[in-house]
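Here are the chains, one letter per residue:
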Amino acid sequence: MHNKTLSELSAALKAGEFSSTELTQRYLSRIAEFDSQINAYITVSEKQALAAARAADVQIAAGTAGPLTGIPLAQKDIFCTQGVKTSCGSKMLDNFISPYNATVIEHFNQAGSVMLGKTNMDEFAMGSSNETSFYGAVKNPWNTDKVPGGSSGGSAAAVAARLAPASTGTDTGGSIRQPASLCGITGLKPTYGRVSRYGMIAFASSLDQAGPMTRTAEDAALMLNCMAGFDQRDSTSVEREVPDYTANLSDSLEGLTIGLPKEYFGEGLDASVGKAVEDAIAEYKKLGATVKEISLPNTHLAVPTYYVVAPAECSSNLSRFDGVRFGYRCDDPVDLEDLYKRSRGEGFGSEVKRRIMIGAYALSAGYYDAYYIKAQQMRQLISDDFKRAFEEVDVIMGPTAPETAFGIGDKSDDPITMYLSDIYTIAANLAGLPGMSVPAGFVNDMPVGLQIIGNYFDEARLLNVAHRYQQVTDWHQRAPAQFK
Amino acid sequence: MEWEVVIGLEIHAQLATKSKIFSGASTAYGAEPNTQACTVDLGLPGVLPVLNHEAVQMAIKFGLATNSAVAPRSIFARKNYFYPDLPKGYQISQMDLPIVGEGKLDIRLEDGSVKTVGITRAHLEEDAGKSLHEDFQGMTGIDLNRAGTPLLEIVSEPDMRSAKEAVAYMKKIHSIVTYIDICDGNMQEGSFRCDANVSVRPKGQEELGTRSELKNLNSFRFVERAINLEVQRQIEIIEDGGKVVQETRLYDADKNETRSMRSKEEANDYRYFPDPDLLPVEIDQETIEAVRATLPELPDAKQQRFTSEFGLSDYDAEVLTSSRQMADYFETVVKASGGEAKLSANWVSGDLTGSLNKDSKDIDESPVSAAMLGGMIKRIADNTISGKIAKQVFEAMWQGEGDADAVIESKGLKQVTDSGAIEKIVDEIIANNQAQVEQYRSGKDKVFGFFVGQVMKASQGKANPAQVNQMLKEKLKG
């Protein structure tokens, strides 16, 4: 049962092969059995899950079930969930139980899905390896000595290890796509504004976007159908119709033009990963697509731009964690300043503090123009690169990450090297474009991801392009041996 | 040395929206602490602000009412600093692109001359909560009911040259924001308050002196007092050979003194940057015109109309247009009185205002309605009562004894215009006061007043004074 995809589970529930309660129990017992090996979950909400499953079974019996009714899901611990701890991977929120639900969570609740628990993540989504979590590193199910990627590492690992059929992630600079790539699953970061950010704890508001992490593109389409849509509580969400993302999955790719940015295949890319991506491109040619080399000349600006914009926004977004109203408060503060300094000093981990300091510096008087304003100008150049490219091509393809999963601890002392893990994913966030990562082979038994970047609100096409590839390959069906 | 004072004001007008500027919580004043603070106001993790368009409309209204430029595109920025009553650790405000740009405002000075004060800008922002230091021993209580209340911060050019000018400007802004109904103007509740930037320089010097910023000025009287104190303090420092330091000073009304809060060096670096949670505010011409159509007659226009239409003096017209309620009240009185503008003006700015002040009532709480006052004035005009009796009638109306006609009837205050009745009293007084009659006839004109007084007294004030005068003159001739 746990090897079925979300769409298969949906059909099986409707057909009465098993109940949502049985299915939920299966996943809960798998989590109990296996999660200690990978540390994918921060909180398992067993009681709530079983109650939701029972309610779903009633709905299924009544014939009023939708595609996600009764489907167990794992939610990244960045989404506020009423009555269930929402830690954002931080000591700062270890005691925080949200009094309200994020819009995304509300959508899933309305769809009748079952929340198994909250997944581990880099602290406040700042990291590319899931090593910055207050709750300890998540391990890659394909090799538990390696990282699962980050920041949605728990969500990726849970799906890869079959501890959830699907999960949610958030992507600020690659946090859905990079862990999807490293764990061999499918991940989609939608266009900025496609999914509401309300109730999703902010890291960098102009870049954050939630999306599905699944085994298949078809599952991602089902999830996105539920997640997407305008939310009047999020001014940056876009008032635009949500299509049925499953409708065009099987469309022919005949005539599709794929752009290959030469900057994504140069120095820094692991040769074997490059080879796997080229093999995937070859499959696309067989499916009728044509390939065109393009240039995104400002690619080299993406990482430095990101590391001004994202820290600047986070330095302000994380100011609310001050020990006054919720979250961690230091013991026996002697005065207000002491309360602030120690609550924040003790509540935040070192990567979070590093980024707050970088951001505060970039915004401070005398440096603002040189850093923040300059970064905004560079951001525009990066967007313009894509705009030109999409005049010639339908989708852009390349590697999701420059290499497969690296060893736990390998990069944790070297932030710059760590930051380069997101070198191919960051630009889509800066431009606000949708991007996917799709399993595209293995190097030394570790998964490789193919990245597909689309034009604004072209998620349906991305899913179609990914789905057709998954019809002719089986990379996405493979499971790590010890979690089968 | 002769000193010149330079003052600029930053006025905070709380906008009279029903809900907060970025959340749906109520803005009503005086609720139990933290009962009007929703998840957004509390700054909980994950919440997002959504702009209240009513606040935008109000800012546009202010721009139009002060001949200021309404920006076609403005943006919200975050002002970052830590304080327990600032839940997010930043205040959403506007920095580089405010919603209202430059404008001009005429104020009337004491000598009757008119001065133009420049408005630099007006921007939208959210208010913070309140720190409650009393009632919590060794601790501070935080009330976030006020957090997120919309404010319009109106910044003037440093154009004022005395505390009195600053007050005149502040009163003018107060009258405009209340006229256009974007602020209740209640200074005690903090709906209208200001900070003053004050500096001095030797008269004739071009360069500005070092300024201090006075905080927490929540009454016109405090503004005047605090500025005068500060001017004096600065002049004394300079004359003693010292230097004024740039700092923020807090006015303490109880002690009537200002004291330093923080120096420039201690000032926060607010790290302003555009708020990524909010879209730029785009305002097209169509919206501006739609708002313009809702503008009421403004104080200046009304004042002009009062002088031309009612023949009032500039002074009377200004007093009567100082608030929209006052002006509306006055116009209703005039109408009900049958067009007795001058008499109405005297009663409204005289007895009515006096009684309101005595009982600490606002004009819209007046026990004597405009229709009632107008009805009474009508009775003065048609000689039913004299001006003197009218004071009795007004007092009775104030005490809730009914309208003018009812009071006149029940108290028998109707003026005696029957010449027979008056003659009878006059004859009686003359007969009983022969000594005074002799005095008068021997040329002591002053005694005439005695006779008038006696007749009025005997008639209980009801005899028509003009008739009494005339009859006495004739009879005393002999």
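Residues numbered from 1 in each chain as written. Chains lettered and ligands numbered in written order. Predicted model: local features only at pLDDT ≥ 70, side-chain atom pairs only at ≥ 80, totals over all residues.

1. Regarding the sheet that holds strand S9 (residues 150–156) of chain B
Residues and elements named next belong to chain B.
Okay, so step 1: The strand order S5-S6-S9-S1-S10-S11-S12-S13 describes an open sheet built from eight strands, whose pairing is mixed. In this open sheet, the two strands that pair with only one neighbour each are strand S5 (103–108) and strand S13 (257–263). Strand-to-strand twist of the sheet, defined as the mean angle between neighbouring strand axes without regard to direction, takes the value 30°.
Okay, so step 2: Sitting on the sheet, helix H2 (residues 163–179) touches strand S1 (3–14), S5, strand S6 (114–126), S9 and strand S10 (192–202), and the angle it makes with S1 is about 20°.
Okay, so step 3: Together, S1, S10, strand S11 (212–217), strand S12 (247–252) and S13 form the strand contacts of helix H3 (residues 220–239), whose direction differs from that of S10 by roughly 25°. (Pairing = 2+ DSSP bridges. Helix = DSSP H or I, 4+ residues; strand = E, 2+ residues; numbered from the N terminus. Axes fitted to C-alpha atoms, helices over the stretch in contact; angles between N-to-C directions. Contact = placed C-beta atoms within 7 Å.)

2. Observations concerning the confidence of the model for chain B
Okay, so step 1: Mean pLDDT over chain B: 93, with 100% of residues reaching 70 or higher.
Okay, so step 2: Scoring of the predicted complex yields 0.91 for pTM and 0.96 for ipTM. (pLDDT = per-residue confidence, 0-100.)

3. Focus on the interface of chain A and chain B
Okay, so step 1: The partner chain B presents 24 residues to the 35 residues of chain A that form the contact.
Okay, so step 2: Counting only elements with at least two residues in the side of chain A that touches chain B, the list comes to helix H9 (302–317), helix H10 (336–347) and helix H11 (350–363) of chain A.
Okay, so step 3: The biggest single contributor to the side of chain A that touches chain B is H9(A), with three residues.
Okay, so step 4: In terms of residue class, the side of chain A that touches chain B is built from 19 nonpolar, nine polar and seven charged. (Nonpolar A, V, L, I, M, F, W, Y, C, P; charged D, E, K, R; others polar.)

4. Looking at unusual backbone geometry
Peptide bonds are trans in most cases, and residues, glycine excluded, mostly fall at negative phi.
All names here are of chain A.
Okay, so step 1: Residue Ser-151 is bonded to the preceding Gly-150 through a cis peptide linkage, with omega at 10°.
Okay, so step 2: You can see Ser-151 is positioned in the loop between strand S3 (114–119) and helix H5 (153–160).
Okay, so step 3: Of note in this structure, Asp-445 is not a glycine but carries a positive phi near 65°.
Okay, so step 4: Residue position: Asp-445 is located in the loop between strand S10 (435–443) and strand S11 (446–454).
Okay, so step 5: Since 10 C-beta atoms lie within 10 Å of it, Asp-445 is described here as exposed.
Okay, so step 6: A positive phi angle, near 60°, is found at Phe-457, a position not held by glycine.
Okay, so step 7: Within the secondary structure layout, Phe-457 lies in the loop between S11 and helix H15 (459–472). (Buried ≥ 20, exposed ≤ 12 C-beta atoms within 10 Å, placed from the backbone.)

5. Details of the domain arrangement of chain B
Okay, so step 1: Split into domains, chain B comes out as domain 1 (3–290), domain 2 (299–411) and domain 3 (419–477).
Okay, so step 2: For domain 1 of chain B versus domain 3 of chain B, the separation of C-alpha centres amounts to 64 Å. (Domains from an automatic or database assignment.)

6. Examining the pairing of S10(A)
Residue and element names in this part refer to chain A.
Okay, so step 1: The element S10 is largely enclosed, with a buried count of seven among its nine residues.
Okay, so step 2: Pairing between strand S5 (residues 186–189) and S10: three bridges, direction antiparallel. Across the sheet, residue Lys-189 finds its bridge partner in S10, namely Gly-435.
Okay, so step 3: In the sheet, S10 pairs with S11 via seven bridges, with the strands oriented antiparallel. The residue of S11 that forms the bridge with Val-438 is Leu-450.
Okay, so step 4: Between S10 and the antiparallel strand that follows it, S11, lie two residues; Asn-444 among them carries a positive phi value of about 50°.

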